Amino acid sequence: MANYIKKKDWQISENLATPESAYLRRREFIQGTALTSLVTVGALYGCGPSTPPNSLPGVEWNDTEKSIYPAKRNSEFELDRPMTDEKIAGTYNNFYEFGTDKADPVNYAQKLNTRPWKVEVGGLVNKPKTIDIDDLLKTMPIEERLYRLRCVEAWAMAVPWTGFAFKELLKLVEPKSSATHVKMETFYQPFTAQGQLAFWEPWAYTEALTIEEAMNEITFLATGIYGHPLSNQHGAPIRLAVPWKYGFKSIKSIVKIELVDYKPMTFWTTLQGLEYDFTANVNPGIPHPRWPQNREKMLGTGAIRATMPYNGYGKYVAQLYS
Ligand SMILES: Nc1nc2c(c(=O)[nH]1)N[C@H]1C(S)=C(S)[C@@H](COP(=O)(O)O)O[C@H]1N2
Ligand SMILES: [Mo]
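Residues numbered from 1 in each chain as written. Chains lettered and ligands numbered in written order. Predicted model: local features only at pLDDT ≥ 70, side-chain atom pairs only at ≥ 80, totals over all residues. Heavy atoms only, no water.

(A) Up close: the overall build of the protein chain. Helix and strand counts for the protein chain come out as eleven helices and twelve strands. For the protein chain, the proportion of its 322 residues judged to be buried stands at 56%. By sequence separation, contacts in the protein chain at least 24 residues apart represent 74% of the contacts at least 6 residues apart. (Helix = DSSP H or I, 4+ residues; strand = E, 2+ residues; numbered from the N terminus. Buried < 20%, exposed > 50% of the residue type's maximum accessible area, 1.4 Å probe, protein only. Contact = heavy atoms within 4.5 Å.)

(B) Quick peek at the sheet that holds strand S2 (residues 129–132). Strand order in this open sheet of five strands is S2-S1-S10-S5-S6, and the pairing throughout is mixed. Where the open sheet ends on each side, the last strands, each with one partner, are S2 and strand S6 (206–210). Here the average twist between neighbouring strands, direction ignored, is 15°. Sheet analysis places strand S1 (residues 118–123) next to S2, joined by four bridges and oriented antiparallel. Considered in S2, the bridge of Val-121 is made with Lys-129. (Pairing = 2+ DSSP bridges. Axes fitted to C-alpha atoms, helices over the stretch in contact; angles between N-to-C directions.)

(C) Molecular detail of the site of ligand 1. Around ligand 1 sit 18 residues, and of these Asn-93, Tyr-96, Glu-97, His-234 and Lys-252 come closest. With respect to ligand 1, the backbone of Asn-94 contributes an N or O atom lying 3.2 Å from a nitrogen atom. Residue Lys-252 places a side-chain N or O atom 2.6 Å away from an oxygen atom belonging to ligand 1. In the complex, the protein chains occlude 100% of the 530 Å² of accessible area that ligand 1 would expose alone. Residues that form the shell around ligand 1 fall into these classes: eight nonpolar, six polar and four charged. (Near = heavy atom within 4 Å. Polar contact = N/O pair within 3.5 Å; in protein donor to acceptor, adjacent residues only side chain to side chain. Areas by Shrake-Rupley, 256 points an atom, 1.4 Å probe, with all protein chains shown as cover. Nonpolar A, V, L, I, M, F, W, Y, C, P; charged D, E, K, R; others polar.)

(D) Representation of the pattern of salt bridges within the structure. One pass over the structure, following the stated rule, counts 18 salt bridges. Note that Asp-80 and Arg-81 form a salt bridge whose closest N and O atoms lie 2.8 Å from each other. What makes Asp-80 partly exposed here is its relative accessible area of 34%. Of the charged contacts in the structure, one is a salt bridge between Lys-249 and Glu-207, with a shortest N-O distance of 2.7 Å. Within this pair, whereas Lys-249 is found in the loop between strand S9 (239–241) and strand S10 (254–260), its partner Glu-207 is found in strand S6, the two being separated by 42 residues in sequence. Within this structure, Asp-80, Arg-81, Arg-148, Arg-150, Glu-296 and Arg-305 form a network of salt bridges that share partners. (Salt bridge = Lys/Arg side-chain N within 4 Å of Asp/Glu carboxyl O.)

Listed below in structure tokens is the structure:
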């Protein structure tokens with residue numbers, strides 16, 4: 001699978017620069033998954049349990065998903081660059097639950113069972129709810145949006161997400177006026193996601209936004225990509241897409257959303273708060289200690305672009321920070 005992506009100069013320099021995973025241990029992960037990888041390789045060659053990676057269209061959609069994808073595109077959101085090739089976006093991922101190498105998630109994340117899946121929404125709300133993902137798909141106004149995603153490691157992509165505005169979900173549960181932040185949490189299944197066996201790391205992955213950020217019209221919960229259900233490596237069955245923030249804020253495979261009245265610690269702020277700040281808005285003017293942030297490289301084409309403040313979404317979000 002790694003062949004989809006030719007090693008280019010910039011990837012080597014990224015390696016030299018030490019990725020976000022500097023604090024995660026690759027060796028332990030590989031030992032932990034030696035058996036798993038045999039099974040996965042077997043499956044890829046058709047001699048194991050035959051659940052193919054669902055990154056490509058045509059694989060086991062349930063009836064709800066069949067009625068939803070592909071969804072109508074919201075023409076409000078246009079790209080200034082070509083869309084990233086699906087195979088490239090789906091084979092170069094950060095999903096540390098499933099390994100620290102960019103090529104790991106496409107293989108190992110297929111082990112995650114995304115049905116049944118419930119999302120618990122609670123905390124400081126009038127109507128706490130635990131919602132089944134398929135009920136959510138039937139209830140929410142589903143649409144497609146073309147968004148850029150900018151990783152703090154200075155690579156970027158441009159992809160079509162399918163999903164709904166976060167604020168639609170918040171309306172359902174009616175936040176109390178005392179709620180100031182929204183905390184989100186990924187599943188915790190260390191025997192499936194063996195990155196989570198690293199007990200010295202603050203699993204489960206958590207992220208958070210202020211309530212104003214969560215209510216912004218571009219804050220999106222994605223359930224699909226490229227016109228089909230999310231592939232596991234992109235964070236199936238539901239992940240956040242906040243395109244004006246560095247990629248680590250866009251938490252994958254969410255099981256819990258909690259409204260709180262404090263600024264929560266997150267996975268990355270706990271590990272290395274000086275490098276991964278809570279707000280993490282894309283900003284070419286604030287250099288990161290390890291990656292210059294004034295330029296970015298597009299996945300696949302390798303095109304170099306000037307980094308835009310708020311990743312080009314200032315029109316929607318700049319007023320949140322004035
Ligand atoms: N649960 C979880 N969510 C996560 C991550 C992760 O390791 N675990 N990585 C983040 C980072 S650093 C990035 S850049 C994006 C990458 O999303 P993609 O793999 O769909 O491109 O997911 C984010 N969400
Ligand atoms: Mo990232």
